[in-house]
Structure formats: C-alpha cells, structure tokens
Amino acid sequence: MNPAGTAVALAAGLAAAGAAAGALLPGRARVPAVGLCTAGLGTAGLVAGAAALDGARWSARLPGLLPPAGVHLAVDALSGLFMAVAGAVVLAVAVYGIGYAAGRGPHGVASRGVQAALPVFALTLVLVPAAASVSTFLLLWETMALTSLVLVLAEQRGRASVREAGVWYAVMTQLGFVLLLAGLALFAAGAGGETFTALRAGAPALSPAARGTVFVLMAAAFASKAGMVPLHPWLPRAHPEAPSNVSALMSAAMVNLGAYGIVRVAFDLLGGGPRWGWLLVLGTGALSAVHGILQAAMASDLKRLLAHSTSENLGLVLVGVGAAGLFASAGHPLPAALALAAAFLHVVNHAVFKALLFCAAGSVARATGLRDLDRMGGLRARMPATAGFFAVAALGAVALPPGNGFISEWLLLQSLIEGLTVPGLSTAVVLPLAVAVIALSAGLSAAVFVKALGVGFFARPRSERAAAATESPPGMLAGMGLLGLGCTGLALVPGMLGDGLSRAVAVAGFGGGPPLAGDGLELRLEHLAASLSPLWAAGALTAGLLAALALVRVTARRGRRSHVKLWDCGGGAPTARMSYTATSFAEPLQRVFDDVLAPEQDVDVTPVRASTYLVERVRFRRRVPDRIEHRLYRPLIAAVDRLGEAARGLAPGSAHRYLGYGFCGLVALLLTLAVSR
Amino acid sequence: MNDGVFTELLDLACGAFLLAAVAVLWLRQLTSIVRAFALQGVALAAVAALLGLREGRGELLAVAAGIGLLRAGALPHLMRRALAAGAPGGDGRYQEDVSEARETRPLVNVAASLLSAALLTFLAYAVARPLVALDPTPVTRALPVALAVVLIGFFTLVTRRRALAQIVGFLLLDNGITATAFLAASGVPPIVELGVSFDVLLAVLVLGILTTRMRAAFGGTGIDDLRELRDR
C-alpha cells in the first residue's frame, strides 16, 4: 500500500483511539493518552503530506461510509502541502498540550468533552485537504467547525466573554458553511457530479454567470474561515478565549484551510476564475493585512494581538493567491506560479511561527494568569526558555532577515514586481499598491512584535503575578522546542522545500515549469535570475553581531566604570509603573493612524467636594474599537434584533391566530397547486 | 345492486355528508351543532357501508358499523353530556346568560362562513381534479366532497369561539380525512381505522374534561381566554 494511504488510515485509527481515551479514561491518564494519540496522528499526517509532496499520489473510495455517496479521499501535492503543515503543527502542539492541560481541574481544557473533541479536530485538520468529493469535504469541514467550537468553549464556566466568543464563532462559521454549501451545490449541479473528478471535468461547461457566482460564494466562504475583512470579527474573539493549544491549532492550521479551499476550488476544480474575482481576492487580502496589523498594533491583550496578526498573515497569503490568479487569467504562467509558491511558503512559515507564538503566550498565561501586556514585564528573567522561543517566533513574524517570514515575503514581493511585466491597467494600478501594502504591513509588524516581546518580556514586572512567574514544565517546552526547530530550519534552509512547493503549485495547472528550485543552502527562482542563500546571510549576520559585541567589550575595557545613582528630578526612584506599557508604546502609532482608527476616549474629572479647583480623581479611558465591526455589524445586529422583536407580534397567544396560520398556509398551498396545474 | 342505484345512493350519502358540515357552520345553538355532527356520522357510516356492499367486503361493513356507533352515537353523546354539565341549573351555579349554549359571536359571521364554505368546496374540486382524472369512477368523483369537509372542518376550528364548537371542528376534519380514505382507497385496514377511532374518542374525552375545567376556571368556554401560550 501507498505510504500516504497507510498514514491516512493510521491517522484515522489514532484519532478514534484518542477520542475514546478522552471520553472514557479517568482523571490523570486522560491527558497524556489523548496527547500521545494526537501527536501520533500529527506525525501520520506529516508523513502522508511529505510523501505527497515528494510526488506520491493516493486516492480511495469508501462506499460503505456515509452511504448514499460514499467517502472519497485523494492526496496530491497540493493536499500534501496542507496536510504536512497541519500534521506538523498538530504534532508539536499535542506534545505541548500534554504539559499544558496536565494538572488542570476536571472542568476546562482537561475535561472529558474537550479531550475527546481534540483528536477529532486534529484529524479533520489533517483530512480536509484530502477530501475528494463535495459530500466528504462538507462533512469534514463541518466536523472541524463543530469540534473547534467545543474546544473554544472549553473554559466557558463563569466567563461570559468566552460564551460571547463562542456565539460569534458559531454564527460566522455557520454563515460560511451556508455559503460553501450553496456554492458547492451550484457547482455540482452545473457540472453533473459531486466527486472532484466530475467537477473538474464538468467545469468548462459552466456558463460565465454560474462560474462567477460559484467563485464569489466559495471565495466568501473560505475567506470567512481565513478571517478576512469584513468576515473577521470571530477571529480576534475566538482565538484569545480558546485554550492556548487550541488557539495554536486554529491559528496555525485551521485558517490555512481557507487559503487551501480557494486554491483548490478556483484553480484546480474551476480551472481559473474571472479576472474581477481575483482582483477582489487580492483587494480583500490587502485590506485584511493592513487592518489586521493595525489592530494588532493597538491591542494590548497578547493573544488578541496574535489573532489580529493571523488575520494579517492570511491576508498576505491571499494577496499572493489573488496575484497568481490575476497573472494566470492574463496568460502569464510564470509570475503566477511564483506568486502562488510565495503564498504557499508563507502559509508554511506563518503556521510554524504562529503556533510557537500562541504556545509561548499560553505558557505565559499558564504561569501568570495574564493576557494583558500592560501588566506583564520582566518575564525574560523568570521564564527564559519561553522568552527565547517567543523571540525566535517573533523574529519570524517581523519579516526581517534572518527570520523565516522574511523569505516568503521577499518571494511575494519578487513575484509582484515580476508581475509588473504583465500588461493591463489593473495590474499597473493594483500591483504597486499591493507592494506598498506588503511593505506597510511588514513595517507595522516589526513595531507590533517589538511591543509584544519588549513590553511583555523585558524590563521590570508591572504586577505581582508577573513577578511571581515560573518557567513552564518540560512537556510544554518540548512542544515549543519542536516548533522552534521548525522556525530555525525554515529560516536557514528553505531550499529544502523548493521541489515540494513546485509540485504543489503544479496542481494549480498554470503550466510553464517549476517556479522554484533549491538545495540545502540556496533557494533559486527559476526563470528569474534571483536566488537567496539565507544560511550565508544568517552566518554573516551572526558573525557581524559577534564582532560588534567583541568590539564593545574591547573598547569598554578602556574606560573606567563607575556606579552612581541616576538623577531622578527629586521624585524618588523610578517605579515599574513609570515604564513603557503596551498602550504607551502603541500611542505614537495610534496618533499616526488617528483618522483610520478613530479611537474613542473620555476624560472623567471628579472634583473634591469642598472645592471645584481641587481634583480628587481623573479617570481617562481610551478604546480603539474595530471600526469595520462597528459600522457594519452593529447596525446589522440591531436590525436583526428589531426584526426578532417584531416577529414576537406573530405569537400573541390566541389559539385562533395559530390555527389561522395553519389554515391560511394550507389554503394558499392548495390554491397554488390548483392554479399551477 | 346495479351501478345506477349505487351511484345515486353514494351521491346522496356524500351530499348529506357535505350538507352536515355546512350545517355546522350555519347553526348557532350548540345542541343543534352536535345533532348535525351526528347526522354526518350517519352519512359517513352509510358511505362505508355502501362501499362494503358494492365490493362485497365483510370487514368494511364491520368498520361502517363501528364508525356509525362511534361518530353518530358515542361522540355526540359525550358532547351532549359536556353541554348538559354546563347548562343553567345543571350544577346549581348561577349562569350569567344563556350564551354558553350558543355560538353567539363567531370570528367570521354566519353569512360569510357559508360563502367561505362554498369557496372552499370550489377549491377542493379544483385541487382534486387531477386525482379524479386518474381513475374516473363514481367513487373517486365524490372525492372532492371529502376534501371540502376537511377544509370546512379546519375553517370551523379557526373561526369558532366555543370549546364545543372547536371539538366539532376537529371531528369534522377527522371525518373528512376518513371519508377521503374511503373514497380514494376503499378505506384503510381495519386495525388502523380502529386505532384512529380510539384516538378520536380519547381526544373528545380529554376535550370534554378540558371544557368542564375551563368553565370552572373562567366561567365560560371561549378559547380566547386561553392566552398563556405566547412568547414573553
């Protein structure tokens, strides 16, 4: 049997075992058993994905499962890429999760329900890319949504914010599912079959209007899963409120499937979408990137910041996907393949560093009970390993060398600049703007992660909880170590992925040869005389840094060091309350983007009762609300609320009225029947 | 029995069946309404018996006898008893007026009700046309009558205020459904008919008790007094 097939079967078996262990095992044995099963499942997914990236193909049909249509599974290089990413994240996060959930009470993350749902969620993350028929895809997709909802609600006991997040998540994800269902049903009806093979064969027969409708429905559905503006409000709510291992899985593996869905349906099944559709995807991605990173810059809740950054990174991925579609629809396969490869590489990079960031944030939250950056500080000395991992991941996230995020964003910029050779007004206008957006988001993300790392981990602790923090148990550190290795590997030898990425891009069917090639040391862009050797760059950078340090050491010896007290303006020694907080760090940025962010602030002065000139207390409050959410969702929710209130008038309590509804309905139905015959 | 006589008799029975339903809408005195309902039970039993004689099926005759007993005998008796329990002086309590014995103010007045019954009968004929066209025998030609009675029964439920009138409306609906079964498919198996009859009997018993309790609680049986079943 094919290695991919064996691995998929193994993953399914391990998920079943894990779910059974979660539901049946008592207290202490539950978490390790579930964790081991889930880690094994992740490994199997990684192996299956790696085999597919290496060129293996596998497909299976199980008519006995899900009787009317049967379950169809198929693994190609494109599914392989996303399976490998999901598998790797699941593996590391499951190892982390053993330490994270151990010793928790009977409710919350270690409870039966949550532990039973975890392996099932992990399995759907790995298997969604392998689905090869509409019904299988929808089944896995919906199982993923439901199990993740259970996991988001894990710590809902006594916390209204978690329940609110759960409601937002449930509503948005079901809305997305409705769009998906409509789009796929329309597609399947037009193509005359529900397996992906039939869809592929029937796609050319669709009318342009039907193609456009299917494209828009599917793009909207998948964009909502990826947390794109304006379907994003669930993301900054659900990710922070979920337990950190679940946030890591959702943010690093689940949202990717939004990008996978667009690529699979639009490129592979539909055979390319309309030009305006791709412009829409590109525009949505760019808007989400800027919006996400701006909100992250304003956030002082660490996990909320990371969630907004997820929105930004997926936005960049969609910029790549949209650009690829744009180039392909203009008949330029080479820049299209390069843009798609850049998007894929960014998916991989983002998954690894974001999983590590969420794990580190969970480690901080577990040690201190804090998510608020303003009250952290001083954690580097108390949790050195967590701080180190956070730093490695943050380096990846800021898109500066030698981080891994830099490589994919550099590729993305290369492809957009290369795409300028594509003639047409839209490319001439859109591509420079997209380049500017990427540059802006890269710059802002540097500020965001300097804030997160510097304010959260350095300086002196600003609260007693932060001062009392201790390092996390070795299980969690081991999970983070795996992710840290992944980050470093991707940063230093991205060339290893070159062939696999080229195979995954080939599934999109642009033609025109592989976009990337690489060996251990170098990533080469074929057709474009450009290459990148991050290992050398990192080596040079490290050498330069060491030289500078040595120079400082040497020159510092010359002078005499003297210890004196700082001049404190007569106000006494500076306290921790005077140090920079996340809010104060973000203040200049907020001023720059004042018109865009429109912060709300109010000053409340309470005078002393005896005199209006003496002030007893000044309260200053500032909020930076999500403007899109305020302008779009508030009126919408209010309107739905009013409609619901009005609908109560339909049920006044009169039995005659209720009987009358039935009677009128029956008569109307019969009348239609009598007239239409 | 030759075809002509059979058709005449069937049409007569069906005509009486429909007429009884219309009479329920026309009459105001509750005792008269019950009497009209009993007449309809007789007509329904006659339809079943005619079909049984025609096809020579013994069990249909037995079903007809059962239907006659239940719908022309037992159910009207139960309803009369419920009425008598609430009659002035029946339980020694003072009654405000005699309106408890009459359907004084239906939601749709009698003239409009009769007009609606005519329209509903038209609708039933229009809807049943394709069904009749499938197999145009004298029996299926009478099918619209049964559908019309279903609709009239439903209409009674919607527009009449007294609990007893509601019971009769519900039973009209059920009579119509039974008649549809006889005319379209020569009846359902006796065991199903038995089950349905038992159900109806229970429903009337329960509704009878409910009527008595309503009278005790509110001093009347207008179901508009029951307004608890609502949102908020």
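Chain B goes by Hydrogenase in an unreviewed UniProt entry, where it is assigned to Streptomyces albireticuli. Its UniProt record, at the heading Subcellular location (unreviewed entry), says of chain B: "Cell membrane".

The name an unreviewed UniProt entry gives chain A is Hydrogenase 4 subunit B, with Streptomyces albireticuli as the organism.

A. Seen up close, the overall build of chain B. Secondary structure assignment for chain B yields eight helices and zero strands. Beginning at the N terminus, the succession of helices and strands in chain B can be written as α-α-α-α-α-α-α-α. Computed over the C-alpha atoms, the radius of gyration of chain B is 18 Å, within 12% of the 17 Å expected from 2.2 N^0.38 for a compact globule of 232 residues. C-alpha extents for chain B along the principal axes are approximately 60 × 35 × 35 Å. Considering chain B as a whole, with its 232 residues, one finds that 48% of them fall into the buried category. Pairs at least 24 residues apart make up 76% of the contacts formed inside chain B by residues separated by at least 6 positions. By element, 67% of the accessible surface of chain B is carried by carbon and sulfur atoms, the whole surface being about 11200 Å².

B. Quick look at the packing of aromatic side chains. As enumerated under the stated definition, the model contains 16 aromatic pairs over all chains in all. Geometrically, the ring pair formed by A:W168 and A:Y633 is edge-to-face, given 5.7 Å between the ring centres and 65° between the ring planes. Here A:W168 is found in helix α6 (residues 160-191), whereas its partner A:Y633 is found in helix α25 (residues 627-647), with 465 residues between them in sequence. One exposure class covers both A:W168 and A:Y633, and it is buried. Between A:F663 and B:F155 the ring centres are 5.7 Å apart and the planes differ by 50°, which places this aromatic pair in the tilted class. Residue A:F663 is located in helix α26 (residues 655-676), and its partner B:F155 is located in helix α6 (residues 143-159); the two belong to separate chains. With respect to class, A:F663 is no different from B:F155; both count as buried.

C. Up close: helix α13 (residues 302-329) of chain A. All names here are of chain A. Given a rise of 1.5 Å per residue, 28 residues ought to cover 40 Å, and the 41 Å separating the end C-alpha atoms of α13 matches this to within 8%. Within α13, 25 of the 28 residues are buried, which leaves the element mostly enclosed by the surrounding structure. The residue sitting at the N-terminus of α13 and contributing the capping side-chain oxygen is D301; that oxygen lies 3.0 Å from the backbone nitrogen of K303. Just past α13, the residue G331 takes up positive phi, approximately 85°.

D. Main features of the sheet that holds strand β3 (residues 516-518) of chain A. All names here are of chain A. On the basis of which strands lie adjacent, the open sheet formed by three strands has the order β3-β4-β5 and antiparallel pairing. Of all strands in the sheet, those bounded by a partner on one side alone are β3 and β5 (530-532). Strand after strand, the sheet turns through a mean of 25° between neighbouring axes, direction not considered. As judged from the three bridges shared by strand β4 (residues 523-525) and β5, these two strands associate in the antiparallel manner. The residue of β5 that forms the bridge with L525 is A530. Lying over the sheet, helix α17 (residues 404-419) contacts β3, β4 and β5, oriented at roughly 10° with respect to β4.

E. Structural detail: the interface of chain B and chain A. Residue-level contacts link 23 residues of chain B with 20 residues of chain A. At the boundary of chain B and chain A, one finds zero salt bridges. For the pair chain B and chain A, the number of links is two residue pairs in polar contact (both at pLDDT 80 or more). Elements supplying a minimum of two residues to the side of chain B that touches chain A: α4 (110-134) and α6 of chain B. The element that contributes the greatest number of residues to the side of chain B that touches chain A is α6(B), accounting for six residues.

F. Examining the UniProt feature "domain: NADH:quinone oxidoreductase/Mrp antiporter transmembrane" (unreviewed entry) in chain A more closely. The UniProt entry lists residues 132-419 of chain A under the feature "domain: NADH:quinone oxidoreductase/Mrp antiporter transmembrane" (unreviewed entry), expressed in the numbering used here. Here residues 132-419 of chain A is 80% helix and 0% strand, with 32 Å between the C-alpha atoms at its ends.

G. Local environment of the side chain of A:H656. With respect to the helices and strands, A:H656 occurs in helix α26. In terms of polar contacts, A:H656 uses its side chain to reach the side chain of B:Q166, at 3.3 Å. The contact partners of A:H656, leaving out residues within four places of it in the chain, are B:L107, B:L157, B:V158, B:T159, B:R160, B:R161, B:Q166, B:I223 and B:D224.

H. Structural detail: unusual backbone geometry. Residues and elements named next belong to chain A. In this structure, the amide linkage connecting V229 to the following residue, P230, adopts the cis form with an omega of 0°. Assignment of secondary structure puts P230 in the loop between α8 (208-225) and α9 (235-241). One non-glycine residue, A399, lies in positive phi territory at about 60°. Taking the relative accessible area as the measure of exposure, A399 reaches 11% and is therefore buried.

I. Quick peek at the pairing of strand β2 (residues 71-75) of chain A. Residues and elements named next belong to chain A. In terms of residue burial, β2 counts as a mostly covered element, since four of its five residues are buried. As defined by bridge partners, strand β1 (residues 58-62) adjoins β2 across five bridges and the pair is classed as antiparallel. Note on β2: the bridge partner recorded for L62 is V71.

J. Highlighting the pattern of salt bridges. Within the structure shown, the criterion is met by 17 salt bridges over all chains. The residue B:R57 makes a salt bridge to B:E55 at a minimum N-O spacing of 2.9 Å. When salt bridges with common partners are traced through the structure, they connect A:E155, A:R159, A:E241, A:D301 and A:R371 into a single cluster.

K. View of the UniProt feature "transmembrane region" (unreviewed entry) in chain B. All names here are of chain B. Per the UniProt entry, the sites bearing "transmembrane region" (unreviewed entry) are residues 9-27, 33-53, 107-127, 139-157, 164-185 and 191-210 in this numbering. For residues 9-27, the helix share is 95%, the strand share is 0%, and the end-to-end C-alpha distance is 26 Å. As annotated, residues 107-127 comprises 86% helix and 0% strand, and the C-alpha atoms at either end are separated by 27 Å.

L. The arrangement of the environment of A:A361 in detail. Residues and elements named next belong to chain A. Inspection of the secondary structure puts A361 in helix α14 (residues 333-368). On a C-alpha basis, the gap between A361 and A387 in space is 9.6 Å, while along the polypeptide they are 26 residues apart. When near neighbours in sequence (up to four residues on either side) are disregarded, A361 contacts S244, L302, K303 and L306.

M. Structural view of helix α3 (residues 58-85) of chain B. Counted at 1.5 Å a residue, the expected span for α3(B) with its 28 residues is 40 Å, and the 39 Å between its end C-alpha atoms agrees. Within α3(B), the axis deviates most sharply at B:L70, by approximately 30°.

N. Up close: the nonpolar core. Counting residues in hydrophobic clusters, the biggest one holds 203 residues, and the most contacted among them are A:L125, A:F137, A:V321, A:L340 and A:F344. The element that contributes the greatest number of residues to this core is α14(A), accounting for 23 residues. With sequence-adjacent residues up to four places away left out, A:F344 is seen in contact with A:L78, A:L81, A:F82, A:V263, A:L501, A:A504 and A:V505. Residues B:L44, B:A64, B:A146 and B:V168 belong to the second largest nonpolar core, which totals 66 residues.

O. Region of the structure containing the state of the cysteines. Residue and element names in this part refer to chain A. Under the counting rule described, the total for this entry stands at zero disulfides over all chains. Considering cysteine sulfurs only, C359 is the nearest to C487, which forms no disulfide, with 11 Å between them. By relative accessible area, which is 3% here, C487 ends up buried.

P. Here's a closer look at the packing of helix α1 (residues 3-24) of chain A against helix α2 (residues 27-53) of chain A. Residues and elements named next belong to chain A. Relative orientation of the contacting elements α1 and α2 amounts to 165°, with a least axis distance of 8 Å. By the angle between their axes, α1 is roughly antiparallel relative to α2. Judged by the sense of rotation from one axis to the other, the crossing of α1 with α2 is left-handed. Listed contacts from α2 to P3, A4, A7, V8, L10, A11, L14, A15, A17, G18, A21 and G22 of α1 are R30, A33, V34, C37, G40, L41, A44, V47, A48 and A51.

The rules we used
- Residues numbered from 1 in each chain as written.
- Chains lettered and ligands numbered in written order.
- Predicted model: local features only at pLDDT ≥ 70, side-chain atom pairs only at ≥ 80, totals over all residues.
- Heavy atoms only, no water.
- UniProt positions renumbered as here; feature names shortened; annotations may be inferred.
- Helix = DSSP H or I, 4+ residues; strand = E, 2+ residues; numbered from the N terminus.
- Rg over C-alpha atoms; globule rule 2.2 N^0.38 Å.
- Buried < 20%, exposed > 50% of the residue type's maximum accessible area, 1.4 Å probe, protein only.
- Contact = heavy atoms within 4.5 Å.
- Areas by Shrake-Rupley, 256 points an atom, 1.4 Å probe, with all protein chains shown as cover.
- Phe/Tyr/Trp six-rings, centres within 6.5 Å; stacked < 30°, edge-to-face > 60°.
- Expected span 1.5 Å × (residues − 1).
- Polar contact = N/O pair within 3.5 Å; in protein donor to acceptor, adjacent residues only side chain to side chain.
- Pairing = 2+ DSSP bridges.
- Axes fitted to C-alpha atoms, helices over the stretch in contact; angles between N-to-C directions.
- Salt bridge = Lys/Arg side-chain N within 4 Å of Asp/Glu carboxyl O.
- Bend = angle between axes of the 7 residues up to and from the residue.
- Core = buried A, V, L, I, M, F, W, Y, C linked by side-chain atoms within 4.5 Å.
- Disulfide = S-S within 2.5 Å.
- Parallel < 35°, antiparallel > 145°, perpendicular 65-115°, else oblique.
- Left-handed = near helix turned anticlockwise from the far one by under 90°.

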